[in-house]
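# Per-entry structural report
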Amino acid sequence: GHLAARIPAGGKLVELQVKDGNNWQTVRHPFYTRPNGKYRLRYRFARFYIRNVRYRFRVRVLRERSWPYKAPVSSRVRKLVVKAR
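These lines cover the structure that appears in this document, whether it is placed above or below. (Residues numbered from 1 in each chain as written. Predicted model: local features only at pLDDT ≥ 70, side-chain atom pairs only at ≥ 80, totals over all residues. Heavy atoms only, no water.)

### Some remarks on the pairing of strand 4 (residues 53-61)
Bridging between strand 1 (residues 13-20) and strand 4 involves 5 bridges; their strand directions are antiparallel. Bridge pairing in strand 4 places Glu15 opposite Arg60. Bridging between strand 4 and strand 6 (residues 78-82) involves 5 bridges; their strand directions are antiparallel. Across the sheet, residue Arg54 finds its bridge partner in strand 6, namely Val81. Pairing of strand 4 with strand 5 (residues 73-74) involves 2 bridges; the strand directions are antiparallel. Counterpart to Arg60 in the pairing with strand 5 is Ser74. (Pairing = 2+ DSSP bridges. Helix = DSSP H or I, 4+ residues; strand = E, 2+ residues; numbered from the N terminus.)

These figures capture arrangement, not role.
See below:
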């Protein structure tokens, strides 16, 4: 993904979240983007599914002292289907 804002030299703190019922849960732990605002996070689904499962993800920009923009704020939701094997 990519953040379209002026990013601090050390990157911007964000977290990947997944929709779990009515709540959003953080996947792993918050992480920093690259100084150009780009980020990549690999995740391996550990279960074997007997039917296709749909997940909804978003990225949440966290509040930091040096961040001049509104925070926390979330991205658009992206959908992912994990296909059963």
